[in-house]
Amino acid sequence: MTDTNTKISFTPERLAKAKEMIARYPDGKQKSAIMPIMHLAQEQFAWMSQDVMDYVASLLDITPIEVYEVATFYTMFHLEPVGKHVIEYCRTGPCVLMGGEEVFSHLKNKLGIKKGETTADGLFTLKEVECLAACGWGPCFQIREKYYMHLNNQKVDEIIEELSK
Amino acid sequence: MEDIKPIMFKVTVDGVEVEVAPGTTIMQAARKIGPEVAPPAMCYYEPLKGTGGKCRACLVKVAAGSAKDPRPMPKLVASCITPVQDGMIVENFTSPQVVEARKAVVEFLLLNHPLDCPVCDQAGECHLQDFSYENGVGTTRYEEERRTFEKEDIGPYIQLHMTRCVLCYRCVYTADQLTDGRVHGVMGRGDHAEISTYIGRAIDNDFSGNVIDVCPVGALTDKTYRFKNRVWFSKPVDAHCDCEKCSGNVQLWYRGDEVIRVTARKNEWGEVKEFICNACRFEKKKTSDWVIEGPSKVKRASVISANKYAGNLIKKPDFALKLAESQYKKIDDTRPFVSEMSEIKKSEDYKTLMQQNENYFKK
Amino acid sequence: MATKILTEHISTPGIETFEVYRKKGGYTAVEKAIKKMTPDEVVEEVKKSGVRGRGGAGFPMGMKWSFLAKPEGIPRYLVCNADESEPGTFKDHYLMKNMPHLLIEGMIISSYALGANKSFIYVRGELMYVIRILEKAIEEAKAAGFLGKNILGSGYDLELVVHPGGGAYICGEETALLESLEGKRGNPRNKPPFPAVKGLYQSPTVVNNVESIATVSWIINNGGEAYAAVGVGKSTGTKLISASGHIKNPGVYEITLGLSCDEFLNSDEYCGGVRAGHRLKAVVAGGSSVPIVPGALFLKTANGEDRLMSYESLSDGGFVSGTMLGSGGFIAFDETACIVRNTWNFSRFYEHESCGQCSPCREGTGWMQKVLNRIEHGKGNMSDIDLLVDVSKKIEGNTICPLGDAAAWPVASAIRHFRDEFEWHIKHPLEATKPGAVYMGDGVLV
Ligand SMILES: Cc1cc2nc3c(=O)[nH]c(=O)nc-3n(C[C@H](O)[C@H](O)[C@H](O)COP(=O)(O)O)c2cc1C
Ligand code: SF4
Ligand code: SF4
Ligand code: FES
Ligand code: FES
């Protein structure tokens, strides 16, 4: 393990956690820990900059390209800087049937941004995602680990207000 | 007495029987019979471990799984990765279902492929041209916008034209298996997947140049290829040198008496016989760097001597055929010497090619 | 009352804790299996139950287990597929967040049966909160001696690892899941070799869905024959159905296989009927990948028989008039739903989720999406309809993994049953592109 990058490093707690994650997998299979560690990294650094990915590679003792390949395959990893709250709303059929299109156009109007954009104050980023496995409880979105379900315009207003405080 | 297992399996491809060792794939068995029955391959590359299965160009029908269990397989299978069984009967060019599926694969691979063959360095030795010529239909039904990618500079030796890539992954396996540190790979997924270094760095280490030779299309080409000449204007010569890093066995491509590029030698399937190092490929461009062995026997993969787009191979007129016909020129070293792309663009040849190409796709 | 094999105690307060779960009879199956049964006896019991994989394909679980290669000196793995990403499916989510111990108990018994000492639960990364619930439950089970070294003094060791995905539907495909678990891109593998021979880390591996594994405790407690006595024909036992769309009561229901589709849709015990004031137009019975059918064909087969919620009955009529039970993602569409828009939506999903390895799927899903997008937005041509059918046929069966088929079927079936709606869109672009506009032609409403 060579940590050459001085700017980017885990807090001691997270570093310990990362080591514990690597140890979960059989010997020599430490690459398996790449996604758990990238989630951990995104928790701390908000998005996967090249430096963050290189740091992940150094923790796992793999080449940076292996991290880039994985990070660009999976949609949960943000490859650009994001706002404080990333709202990942579901655009898939069942949520649409439950009224998702109206609710999310309301959300966009309220924040004054389109999908993929961040509000000027850096508070919110909107990201369009596919089915979140909550179809019957839709329309839904996710902010970090939390699921917000059975959404309607009024609930959206309340959530945005709460998070804007 | 114990049964002695047969050491060889009998396999039939398009009615021709061949004996092969267990573990052989359908593709290898068919190749053993010969090019008449060998399925096309856009991703499989025998010298590289793990390749194959992706492009689906080589789909075949297994009409009987084995002597023991002669049921047909329910779906077409990728011949490059499917091992043979004793008594297997395979239909390739003789199966209408396979012919249809191949047409479909040609159409899919051409959907987003740019129509820039006239300016592509690979034209004339492009496997996609060959594949579509031999297996495709003439027209495209695609009316949507073609996909584009941001340009990426991958250093002084190799030119990346991502729009031409068919995502065969050969260059990735090459970098994994030949070089001491892969710096490029496949980024993104689905129809946005792309070959990239992600951070715009140079692909530069001793054997990285081999990605040019394995690339079936013009997505990875030689930046040092002097004069960007059309391949059918040049002639290949086998040569070797004493090299510390590689075998030194190469092919020199001459235009007049100038070496315009250096490549590895390829077998009749267009596969590299011995990979060569970057010094041989990119830096030794003088005849005096080499011991000349004599003119190369030109194999299937090159148009320059085979004249394969004319005559009895023609099955159906199609766009690749027309393109190829329009591009096919006998080697004629008396024509004026053009060295720069800008010069080439001014030439009559080039203008005619562009015009023909444009007319064809206008309709 | 219908038999509740999985969800009997799901509403019990505190059931997510070890303590309450144990009080309700939890972990007795582990005790029984590990103390009184050999691994082969456990496999035998599961075989007898006839339970079929609940992840979509419906392959008999006991048979899959008995195919596992057992070479000497090489570890074997059990991997639970909790990637649940098929639109319309949210049953595993429901089960895991409410009853984590049911899955863990099933994992322990199944791992014991297969001789695995390290087993994985691959949960889609979006469900990080569920991952935390599972990890907590694992800690509890470990503290109680049901996990870890020398379980219940038997000498059997097992470690459970919960592994997060990163946002990729394709990782639900079992070989893509294994690639992903190895820390790579989720590109499905070419088969053979099958996971049972070369799976995770090139070792023999069984991959099973959450719900499949969760049935194992009941089977061990009550016997395979008792399980097989529930259900109908080869559709033994119960199935979780996640219901969404235009119904009165969306949610997750445990049904006895063989329940009539009419009862499932209309009874208050389940969906409670189409939402008030509306009529049924179409149904996707088993997740977005299965063929969509008009409401009438969901309720009755083409021969006029009542259709049942079972593998066989739902697929009666094949691709012409039938559909599939799939993963149990039931989606109902009333007359306000636009089939063209929904088909485009689904095809956009498959384009987005294709791994991009093989050309028919990589190029074909994008092509279908773009054509459907044009039709939906008033720029279609009549020839586009046949083009879509043709492209879907050229993808189907020619790809590395079944995602190609899954992308093709919804398009082909929507056109088969709702062709007039597509034609209307193309002929009346101005009307069709008004917000909320829906074709109200002769589509059979129920
Ligand atoms: C594209 C695709 C996505 C899939 N997604 C899931 C999934 O999310 N969960 C699941 O259990 N099985 C999924 N499957 C099925 C799995 O490949 C596999 O058959 C299943 O996990 C086996 O478990 P079972 O036999 O218990 O059903 C998917 C298959 C495909 C082709
Ligand atoms: S760049 Fe060439 S070799 Fe590499 S994946 Fe694309 S087509 Fe294949
Ligand atoms: S069918 Fe689609 S998802 Fe499956 S391997 Fe091919 S490209 Fe990937
Ligand atoms: S469709 Fe939105 S959660 Fe499934
Ligand atoms: S050559 Fe066999 S799939 Fe590409």
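Residues numbered from 1 in each chain as written. Chains lettered and ligands numbered in written order. Predicted model: local features only at pLDDT ≥ 70, side-chain atom pairs only at ≥ 80, totals over all residues. Heavy atoms only, no water.

The name recorded for chain C in an unreviewed UniProt entry is NADH-quinone oxidoreductase subunit F, from Emticicia aquatica. What the UniProt record of chain C gives under Catalytic activity (unreviewed entry) is the line "a quinone + NADH + 5 H(+)(in) = a quinol + NAD(+) + 4 H(+)(out)". As recorded by UniProt, the Sequence similarities (unreviewed entry) comment attached to chain C reads in full: "Belongs to the complex I 51 kDa subunit family." (UniProt positions renumbered as here; feature names shortened; annotations may be inferred.)

The name given to chain A in an unreviewed UniProt entry is NADH-quinone oxidoreductase chain 2, with Emticicia aquatica as the source organism. Recorded in UniProt for chain A, the comment headed Sequence similarities (unreviewed entry) runs: "Belongs to the complex I 24 kDa subunit family." Word for word, the UniProt comment on chain A under Cofactor (unreviewed entry) is "[2Fe-2S] cluster".

Caption draft 1: Geometry of the nonpolar core. Core analysis: the largest hydrophobic core is formed by 92 residues, its most contacted members being A:Ile37 and A:Met38. By residue number, the principal contributor to this core is helix H19 (residues 403-427) of chain C, which donates nine residues. Aside from chain neighbours lying at most four places away, what touches A:Ile37 is A:Phe10, A:Ala18, A:Met21, A:Ile22, A:Val56, A:Leu59 and A:Leu60. Judged by nonpolar contacts, the second largest core, of 78 residues, contains A:Cys135, C:Ile15, C:Val130 and C:Trp218. (Core = buried A, V, L, I, M, F, W, Y, C linked by side-chain atoms within 4.5 Å. Buried < 20%, exposed > 50% of the residue type's maximum accessible area, 1.4 Å probe, protein only. Helix = DSSP H or I, 4+ residues; strand = E, 2+ residues; numbered from the N terminus. Contact = heavy atoms within 4.5 Å.)

Caption draft 2: Quick look at the confidence of the model for chain C. On average, residues of chain C carry a pLDDT of 96, and 99% of them reach 70 or more. Confidence estimates for the predicted assembly give a pTM of 0.92 and an ipTM of 0.95. (pLDDT = per-residue confidence, 0-100.)

Caption draft 3: Focus on the pairing of strand E1 (residues 77-82) of chain C. All names here are of chain C. Burial within E1 is extensive, with six of its six residues counted as buried. Burial of the side chains of E1 extends over both faces: Tyr 77, Val 79 and Asn 81 are buried on one face and Leu 78, Cys 80 and Ala 82 on the other. Across six bridges, E1 lies against strand E2 (residues 118-123) in parallel orientation. For Ala 82, the partnering residue across the bridge sits in E2 and is Val 123. Here E1 pairs with strand E4 (residues 205-209) via five bridges, running parallel. If you follow Leu 78 over to E4, its bridge partner there is Val 206. (Pairing = 2+ DSSP bridges.)

Caption draft 4: Expanded view of the sheet that holds E1(C). Read across the open sheet, the four strands follow the order E3-E2-E1-E4 (chain C); overall the sheet is parallel. The sheet is open, and its two edges are formed by strand E3 (159-164) and E4 of chain C, each paired on a single side. On average, each strand axis in the sheet is inclined to that of its neighbour by 20°, with strand direction left out of account. Here helix H2 (residues 34-45) of chain A sits on the sheet and contacts E2 and E3 of chain C; the angle it forms with E3(C), its principal contact strand, is near 55°. (Axes fitted to C-alpha atoms, helices over the stretch in contact; angles between N-to-C directions.)

Caption draft 5: Molecular detail of the pattern of salt bridges. Following the criterion strictly, the structure yields 61 salt bridges over all chains and no others. For A:Glu43, the salt bridge is made with A:Arg14, and the minimal N-O distance between the two is 3.1 Å. On the criterion of sequence distance, the pair formed by A:Glu43 in helix H2 and A:Arg14 in helix H1 (residues 12-23) is long-range, its members being 29 residues apart. Using a relative accessible area of 30% as the deciding quantity, one classes A:Glu43 as partly exposed. A salt bridge links B:Glu293 to B:Arg265; its shortest N-O distance comes to 3.0 Å. Placement of B:Glu293 in strand E13 (residues 291-295) and of B:Arg265 in the loop between strand E12 (258-264) and helix H6 (278-283) is noted, with a sequence separation of 28 residues between them. The class of B:Glu293 is partly exposed, set by a relative accessible area of 42%. Residues participating in the shared-partner salt-bridge network are C:Arg54, C:Lys91, C:Asp92, C:Glu211 and C:Lys239. (Salt bridge = Lys/Arg side-chain N within 4 Å of Asp/Glu carboxyl O.)

Caption draft 6: Seen up close, the site of ligand 1. All names here are of chain C. By nearness alone, 18 residues border ligand 1, and Gly 55, Asn 81, Asn 208, Asn 209 and Ser 212 come closest of all. Within the side chain of Asn 81, a nitrogen or oxygen atom sits 2.9 Å from an oxygen atom of ligand 1. Contact distances for ligand 1 include 3.2 Å between a nitrogen atom and a backbone N or O atom of Gly 172. Starting from 610 Å² of accessible surface for ligand 1 in isolation, the protein chains cover 89%. When residues of the shell around ligand 1 are assigned to their parent elements, the largest contribution, three residues, is made by E4. Taken together, the residues of the shell around ligand 1 break down into four nonpolar, eight polar and six charged. (Near = heavy atom within 4 Å. Polar contact = N/O pair within 3.5 Å; in protein donor to acceptor, adjacent residues only side chain to side chain. Areas by Shrake-Rupley, 256 points an atom, 1.4 Å probe, with all protein chains shown as cover. Nonpolar A, V, L, I, M, F, W, Y, C, P; charged D, E, K, R; others polar.)

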